[in-house]
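Spelled out, the chains give:
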Amino acid sequence: MGHQIFLLVCTIALLASSSLVSAEVVKHSFHSLNSARKILVAENDTKKSVDGILKDLDIKGSIDYGVTAISLGSTDFGGLYSEKPLAVISPAGADDVGQVIRHALQSPTLTVAARGNGHSVNGQAMAHLGLVIDMKSMADNKKIDVNVNYMYVDVGGGALWGDVLKHCVSEYGLAPKSWTDYLHLTVGGTLSNAGVSGQAFRFGPQTSSVTELEVVTGNGEKIVCSNSQNSQLFFSVLGGLGQFGIITRARVLLQPAPDMVRWIRVVYNEFDDFTHDAELLITSQETFNYVEGFVFVNSDDPVTGWPSVPLNSNQSFDPTLLPKKIGPVLYYLELVLHYSNHDDPSTLNMMVEKLLGKLKYLEHLRFETNLAYMNFLLRVDHVEEAARGSGIWATPHPWLNMFISKKDIDAFNRIVLQNILKSGVNGPILTYPLLRSKWDNRSSVVLPQDEIFYLVALLRFTHTHPKESEIKQMVAQNQEVVQTCIKNGFDFKLYFPHYESTVEWKRHFGDQWERFVDRKRQFDPKAILAPGQKIFTRNHIL
């Protein structure tokens with residue numbers, strides 16, 4: 001900030017020498033200079049204090065005050081928030097994480113945020129003038145230990161799901177049961193939220209496939225926990241938004257991995273048919289292995305319209321096959337059936353036709369292809385590669401993710417999807433049903449009340465050089481969607497929630513708020529952890 005103060009002084013001097021500038025302007029500028037000086041002094045004082053605390057920190061990893069590390073720790077995928085940390089810690093393992101937290105406890109103000117792959121969108125993994133722990137740097141992440149007899153894998157909390165997939169499938173022919181659509185996320189990061197994709201209707205979220213965790217709490221204690229051992233911590237941390245502990249190891253259940261998948265998309269013009277079929281598939285005994293749904297715009301827009309539906313470049317969407325009278329948006333189900341290289345192709349085709357025969361999609365608007373199982377799960381890699389090439393991967397992403405009860409999804413479609421969002425969001429819109437009974441209510445995740453509820457995800461992308469007004473408009477539209485849900489009394493919860501006030505957080509957790517607070521008091525009583533979530537303030541929970 002020193003060079004900024006120097007520039008401000010020069011500017012004030014120029015203003016003061018000009019007869020065209022009023023005394024008020026100069027007075028205001030001097031006030032700005034004084035404020036800048038105070039901020040600089042405060043930052044320097046805080047840094048000196050932290051230096052004093054961290055100078056005795058004996059860790060095998062490293063502490064970085066450098067510009068590159070600080071820049072990394074102050075940004076995320078959303079690109080909407082920036083909070084400058086004092087330092088970025090690269091721990092060698094769980095013991096380092098515990099040391100960092102225990103040292104932070106010696107300060108009256110210092111906070112600690114665990115950063116996975118930086119894929120949060122609202123600054124959840126940031127710590128203003130605090131310490132950011134780069135979980136990807138842990139040596140423990142390289143230990144992907146598969147137990148074939150008991151069908152599980154032990155993996156570091158900072159490991160990427162994509163690396164877990166590749167190792168388990170290529171070396172053992174096994175794979176975790178539940179996934180996220182994008183696999184370049186850390187194990188600890190998704191387990192701190194839930195982790196959902198098209199398999200969640202069968203196996204629940206990723207949190208439902210975990211049997212044991214190693215956690216470093218806000219007290220600096222390293223604790224192994226499970227359903228039968230330290231169970232309160234176990235369920236607190238799962239879906240706990242990082243508020244109770246940092247996951248340094250997870251034991252995840254495995255199952256045999258298929259060789260291939262039949263990947264199918266079928267199109268709907270009626271929302272009732274779309275939801276009926278989706279709910280039929282997730283509640284049937286005989287069904288696909290994966291079920292998701294999407295909303296797309298009834299136009300030729302390459303990102304949000306008809307061209308976004310086909311699976312291969314040799315497939316095309318023929319809009320003349322659509323009914324004459326349709327609304328501004330259409331829908332498609334994305335379905336996957338697993339199979340082995342040894343399966344009879346005719347048997348596979350018969351099963352596909354049998355399952356699709358129950359559905360009411362538009363008959364000639366069906367797209368399908370065969371793909372290796374691992375390639376299907378890593379399918380978003382191609383999207384990322386293209387987005388990085390065009391530059392839009394690094395631009396802001398005002399995403400919004402929600403869970404909405406079945407009883408309100410028709411009204412949501414009518415008011416939001418067909419009205420507010422009728423022109424699309426310049427990216428995918430996902431909506432598909434999940435089953436509440438597949439989620440463990442002992443975890444910290446809060447859900448709508450209906451047994452069937454829908455994930456709605458607005459995955460917005462901006463242009464290569466977006467204007468500030470464009471970003472503000474997207475954020476405002478997200479807020480309009482949320483306020484519309486509140487105004488209409490919809491039973492909904494934000495997924496990857498972001499709120500600015502305690503009142504809003506209380507409304508989010510509802511009757512689970514007191515349980516959440518009690519868990520915070522027990523496992524992070526000084527509110528050291530995850531300050532970017534803005535749920536609790538350091539040393540003052542309530």
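Given the structure is predicted, the values throughout are model-derived calculations rather than measurements.

Definitions and limits used
- Residues numbered from 1 in each chain as written.
- Predicted model: local features only at pLDDT ≥ 70, side-chain atom pairs only at ≥ 80, totals over all residues.
- Heavy atoms only, no water.
- Helix = DSSP H or I, 4+ residues; strand = E, 2+ residues; numbered from the N terminus.
- Buried < 20%, exposed > 50% of the residue type's maximum accessible area, 1.4 Å probe, protein only.
- Contact = heavy atoms within 4.5 Å.
- Areas by Shrake-Rupley, 256 points an atom, 1.4 Å probe, with all protein chains shown as cover.
- Pairing = 2+ DSSP bridges.
- Axes fitted to C-alpha atoms, helices over the stretch in contact; angles between N-to-C directions.
- Lys, Arg positive; Asp, Glu negative; His and termini not counted.
- Salt bridge = Lys/Arg side-chain N within 4 Å of Asp/Glu carboxyl O.
- Polar contact = N/O pair within 3.5 Å; in protein donor to acceptor, adjacent residues only side chain to side chain.
- Phe/Tyr/Trp six-rings, centres within 6.5 Å; stacked < 30°, edge-to-face > 60°.
- 1 Å grid on protein atoms, 1.4 Å probe; cavity = no way out; pocket = protein on both sides within 12 Å on 5 of 7 lines; lining within 4 Å.
- Points joined across faces, edges and corners; volume = space filled by probe spheres on them.
- Nonpolar A, V, L, I, M, F, W, Y, C, P; charged D, E, K, R; others polar.

S.K.: Break down the overall build of the chain for me, citing the residues and quoting the values.
M.R.: Looking only at helices and strands, one finds 16 helices and 18 strands in the chain. Looking at the 542 residues of the chain, the share that counts as buried comes to 55%. At a minimum sequence separation of 6, the contacts of the chain that also span at least 24 residues come to 74%. When the accessible surface of the chain is split by element, carbon and sulfur atoms take 52% of a total near 23900 Å².

S.K.: Outline the sheet that holds strand β4 (residues 131–134), supporting the account with residue identities and numerical values.
M.R.: With mixed pairing, the four strands of this open sheet are ordered in space as β1-β2-β4-β3. Strands at the two margins of the open sheet, each flanked by one partner only, are β1 (62–64) and β3 (112–115). For this sheet, the mean inter-axis angle between neighbouring strands, taken without regard to orientation, is 25°. Taken together, the three bridges between β1 and strand β2 (residues 87–90) define a ladder with antiparallel strand orientation. Considered in β2, the bridge of Ile63 is made with Ile89.

S.K.: Provide a residue-level description of the side chain of Arg538, including the pertinent values.
M.R.: One can find Arg538 in the segment after α16 (513–523). No salt bridge is formed by the buried Arg538. Its closest oppositely charged neighbour is Asp524, at 7.2 Å. In this structure the side chain of Arg538 is engaged in a polar contact, spanning 3.2 Å, whose partner is the backbone oxygen of Ala104. Within the structure, Arg538 has its side chain in polar contact with the backbone oxygen of Leu110 (distance 2.7 Å). Discounting residues that sit within four places of it in the chain, Arg538 has contacts with Ala104, Leu105, Ser107, Pro108, Thr109, Leu110, Thr111, Lys526, Ala527 and Ile528.

S.K.: So what about the packing of aromatic side chains? Which residues, and what values?
M.R.: Under the criterion given, the structure shown has 30 aromatic pairs. With a centroid separation of 5.7 Å and 50° between ring planes, the pair formed by Tyr182 and Trp393 is classed as tilted. Pair noted here: Tyr182 is in the loop between β7 (174–176) and α6 (187–191) and Trp393 is in the loop between α12 (380–390) and β15 (400–405), with a separation of 211 residues, a long-range link. Note on accessibility: Tyr182 and Trp393 belong to one class, buried.

S.K.: Go over the layout of surface pockets with me, naming the residues and quoting the values.
M.R.: What the second largest pocket holds in volume is close to 460 Å³. Elements represented by at least two residues in the lining of the second largest pocket include exactly β15, α14 (468–487), β18 (492–495) and α15 (502–509). Per element, the largest residue contribution to the lining of the second largest pocket is five residues, and it comes from α14. Residue classes in the lining of the second largest pocket are distributed as twelve nonpolar, six polar and three charged.

S.K.: If you had to explain the sheet that holds strand β16 (residues 429–435) to someone new, which residues and values would you point to?
M.R.: Here we have eight strands laid out as an open sheet, ordered β14-β11-β13-β12-β16-β17-β15-β18, and antiparallel in their pairing. Two strands lie at the open edges of the sheet, namely β14 (366–372) and β18, each paired on one side alone. The mean angle between the axes of side-by-side strands here comes to 25°, regardless of whether they run parallel or antiparallel. Here strand β11 (residues 260–268) runs beside strand β13 (residues 329–339); their pairing, made up of nine bridges, is antiparallel. Bridge assignment links Arg262 to a residue of β13, and that residue is Leu337. Those strands touched by α14 are β15, β17 (452–458) and β18, and its axis lies near 15° from that of β15.

S.K.: I'd like a rundown of empty space enclosed by the protein, residues and numbers included.
M.R.: Applying the stated criterion across every chain, the model contains one cavity of 30 Å³ or more. Its boundaries defined by the atoms lining it, the largest cavity holds a volume of some 100 Å³. Along the walls of the largest cavity sit 13 residues, with Leu241, Val445, Leu494, Pro497 and His508 positioned nearest its centre. Mapped onto the lining of the largest cavity, the elements with two or more residues apiece are β18 and α15. Considering only residue class, the lining of the largest cavity consists of nine nonpolar, four polar and no charged.

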